[in-house]
Amino acid sequence: MRTTVGIIGGGPAGLLLARMLHRAGIDCVVLESRTREYVEHRQRAGMLEQGTVDALRACGAAERLETEGLVHQGIELRFAGERHHIDFPVLTGGRTVTIYAQTEIVKDLVALQLAEGPPLLFEAEALAVEKPESDTPVVRFLHEGREQTLTCDWIAGCDGFHGISREAFPTATCRTYEHDYPYSWLGILADVPPSCEELIYARGERGFALHSMRSPAVSRLYLQVPNGTDPDDWSDERIWDELAARFAIDADWTLERGPITAKSVTPMRSYVHEPMRHGRLLLAGDAAHIVPPTGAKGLNLAVSDVSVLARALTALHRTGSTQLIDRYSKLCLSRAWQATRFSYDMTRMLHAQPNGDAFESRMQLARLRRITASHHAAAELAANYTGLPLPV
């Protein structure tokens, strides 16, 4: 097989890149190792920055998002029995965020891809990237029981943290930076209407809790738990009781309860791979960087990466200029490090430290008091949360 851009990974990053390239008249092929059913049902993030919504609109992939997405004007911070609203439009000049599950984005992009092209191959397992330094890099992959090759002009590694794309980078040319956090998130999906209109970030001595949603009828909630926690050790009643305790405030407010349909534990980590380009192989999304979910940046960083990459490949296709693609790694890493910083700061500010450090606890409260008392500090949080400008 031969194509201009070979895309490894059929998650939101790979599918959105394919959509953008297709609309720019650039042919590509998407290789996804999993089945369509698996890809369309794996639970992931659901908070979209303003720029992510704009990108989906611009490429004609926002029809359902426009009618089903839940636009949020801000978030609520809870600590010391108090509740504080962070008003995004007021603080950012009108920017908002939207709740629309990643599973739904993937369904939308898959449907468009299969209806309009370019080729999308499910159960096509990428085995290796070969000759990335050459003008014709190759992806070896397994599909329908036989090994095949995809010869490309460029390869986009959108295959996530556990993919094979990074393996093609010579060890001597790259460096990784990572940080593991001493706690995880126990997440649940519940068939119950949300108990709030906007996300609640709760900090307390018992640990962190987050109240989010997937739709007007489905709630998504998280609890800080020790690393290595088995979700089966937490009964539904225990989960609801602990959530209620962590969200409690000195006012009349009730956490609605309902049937829990899914439980999972997510470890917390930060990871950045430098550079994001080697020859004609370019990384995007989780293949290049991982952030803890506290700042809701993972999916949005992937969209930022592929927006820059699509723009760079389009400029190359139309004008022959390599100026933007030569700056791709530097541009994307600059934004990725800012998102990593923001996610790290949010995580450290809101989670109870396992060692019970009283000084750190007071520092967390001081940071929260600063944000809720200062327009400037609140505006900084709002600017990062709704999304920093795309690199240019």
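Further up the page is the structure itself.
Structure report, in brief. Every chain is numbered independently, its residues counted from 1 as its sequence is written. Local features in this predicted model are restricted to residues whose pLDDT is 70 or higher, and side-chain atom pairs enter the listing and the counts only when it is 80 or higher, whereas totals over whole chains, interfaces and linings include all residues. Only hydrogens and water are removed before side-chain values are computed, so all heavy atoms of the structure are retained for them.

### Regarding the overall build of the protein
Okay, so step 1: Each helix corresponds to a stretch of at least 4 residues labelled H or I by DSSP, and each strand to a stretch of at least 2 residues labelled E; elements are numbered beginning at the N terminus. Helices and strands together make up the secondary structure of the protein, namely 12 helices and 20 strands.
Okay, so step 2: The C-alpha radius of gyration of the protein comes to 21 Å, within 12% of the 21 Å expected for a compact globule of 392 residues.
Okay, so step 3: With the principal axes as the frame, the protein shows a C-alpha extent of 65 × 40 × 40 Å.
Okay, so step 4: Accessible area is worked out with a 1.4 Å probe on protein chains only. A residue is then buried under 20% of its type maximum, exposed over 50%, and partly exposed in between. Expressed as a percentage of its 392 residues, the buried residues of the protein come to 57%.
Okay, so step 5: The contact definition used throughout considers only heavy atoms, calling two residues in contact when any of these lie within 4.5 Å. When contacts within the protein are restricted to residue pairs at least 6 apart in sequence, long-range pairs at least 24 apart make up 71% of them.
Okay, so step 6: Total accessible area computed for the protein in this model is approximately 16600 Å², and 50% of it derives from carbon and sulfur atoms. Two things to know: the radius of gyration comes from C-alpha atoms, and the globule rule equals 2.2 Å times the number of residues to the power 0.38. Throughout, the Shrake-Rupley method with a 1.4 Å probe supplies accessible areas, and for residues the shown protein chains are the sole cover considered.

### Things to note about the side chain of Ser304
Okay, so step 1: Assignment of secondary structure puts Ser304 in helix α8 (residues 298-319).
Okay, so step 2: Ignoring anything within four residues of it in the chain, the contact list for Ser304 reads Arg335, Leu390 and Pro391.

### Here we look at the pairing of strand β5 (residues 74-79)
Okay, so step 1: Burial within β5 is extensive, with 6 of its 6 residues counted as buried.
Okay, so step 2: Because side chains alternate across β5, one face comprises the buried residues Gly74, Glu76 and Arg78, and the other comprises Ile75, Leu77 and Phe79, equally buried.
Okay, so step 3: One ladder, built from 6 bridges, connects β5 with strand β6 (residues 82-87); its direction is antiparallel. Each bridged residue has a counterpart across the sheet, and for Glu76 the counterpart in β6 is His85.
Okay, so step 4: Two strands are counted as paired when DSSP detects at least two bridges linking them. Between the antiparallel neighbours β5 and β6 lie 2 residues, among them Ala80 with a positive phi of about 55 degrees.

### Some thoughts on helix α3 (residues 50-58)
Okay, so step 1: Of all the residues in α3, the buried ones are Gln50, Thr52, Val53, Ala55 and Leu56.
Okay, so step 2: Positive backbone phi, at 70 degrees, marks Gly60, one or two positions downstream of α3.

### Overview of the sheet that holds strand β12 (residues 154-157)
Okay, so step 1: Strand order across the open sheet formed by 6 strands is β8-β2-β1-β12-β19-β18, with mixed pairing between neighbours. The sheet is open, and its two borders are formed by β8 (120-121) and β18 (277-278), each paired with just one other strand.
Okay, so step 2: Sheet topology note: the β18/strand β19 (residues 281-283) ladder contains 2 bridges and is antiparallel. Considered in β19, the bridge of Arg277 is made with Leu282.
Okay, so step 3: Only the stretch in contact is used when a helix axis is fitted, and all axes are lines through C-alpha atoms; the angle between N-to-C directions ranges over 0 to 180 degrees. The strands touched by helix α1 (residues 12-23) within the sheet are β1 (5-8), β2 (28-31), β8 and β12, with β1 carrying the most contacts at an inclination of about 160 degrees.

### What about the sheet that holds strand β4 (residues 70-72)?
Okay, so step 1: Read from one edge of the open sheet, 3 strands run β3-β7-β4, paired in antiparallel fashion. A strand with exactly one partner marks an edge of an open sheet, and here the two such strands are β3 (47-48) and β4.
Okay, so step 2: By the bridge criterion, 2 bridges tie β3 to strand β7 (residues 97-99) in an arrangement that is antiparallel. What sits directly across from Met47, in β7, is Ile99.

### Describing the state of the cysteines
Okay, so step 1: Pairs of cysteine sulfur atoms within 2.5 Å are identified as disulfides in what follows. For the coordinates displayed, the defined rule picks out 0 disulfides.
Okay, so step 2: With no disulfide of its own, Cys152 lies 10 Å from the sulfur of Cys28, the closest cysteine sulfur.
Okay, so step 3: Given a relative accessible area of 0%, Cys152 falls into the buried group.
Okay, so step 4: In this structure Cys174 is a free cysteine whose sulfur lies 17 Å from that of Cys332, the closest cysteine sulfur available.
Okay, so step 5: Using a relative accessible area of 24% as the deciding quantity, one classes Cys174 as partly exposed.

### Some details on the packing of aromatic side chains
Okay, so step 1: Between the rings of Phe, Tyr and Trp (Trp by its six-membered ring), a pair exists once the centres lie within 6.5 Å; its type follows the angle of the planes, with under 30 degrees stacked, over 60 edge-to-face, and the other angles tilted. Scanning all chains against the criterion turns up 11 aromatic pairs.
Okay, so step 2: Each ring, one from Phe161 and one from Tyr271, has its centre 5.0 Å from the other, and the planes form 85 degrees; the classification is edge-to-face. Note that Phe161 is positioned in the loop between β12 and β13 (175-190) and Tyr271 in strand β17 (residues 260-274), a separation of 110 residues in sequence. With respect to class, Phe161 is no different from Tyr271; both count as buried.
Okay, so step 3: Through a chain of ring-to-ring contacts, the aromatic side chains of Phe88, Trp185, Tyr201, Phe208, Tyr222, Phe342 and Tyr385 assemble into a single cluster.
Okay, so step 4: Residue placement shows Arg34 over the ring face of Tyr38; its charged tip is 4.2 Å from the ring centre.
Okay, so step 5: If you follow Arg78 out to its NZ or CZ, it ends over the ring of Trp253, 4.0 Å from the centre. The criterion is that NZ of a Lys, or CZ of an Arg, lies within 6 Å of the ring centre and within 35 degrees of the ring normal, and then a charge sits over that ring.

### Some points on the pattern of salt bridges
Opposite charge on two side chains lets them pair, provided their charged atoms get close.
Okay, so step 1: Throughout this description, the term salt bridge denotes a Lys or Arg side-chain nitrogen within 4 Å of a carboxyl oxygen of Asp or Glu. Counting across every chain of the model gives 29 salt bridges.
Okay, so step 2: A salt bridge links Glu242 to Arg246, with the nearest nitrogen and oxygen atoms 2.8 Å apart. Here Glu242 pairs with Arg246, and both are found in helix α7 (residues 236-247), just 4 residues apart, close to one helical turn.
Okay, so step 3: The partner of Glu360 in a salt bridge is Arg348, and the shortest N-O contact between them spans 3.7 Å. With Glu360 in helix α11 (residues 358-373) and Arg348 in helix α10 (residues 328-350), this residue pair connects regions lying 12 residues apart in the sequence.
Okay, so step 4: Overall, the relative accessible area of 11% leaves Glu360 in the buried class.
Okay, so step 5: Look at the salt bridges and you will find they share partners, linking Arg64, Glu68, Glu104, Lys107 and Asp108 into a network.

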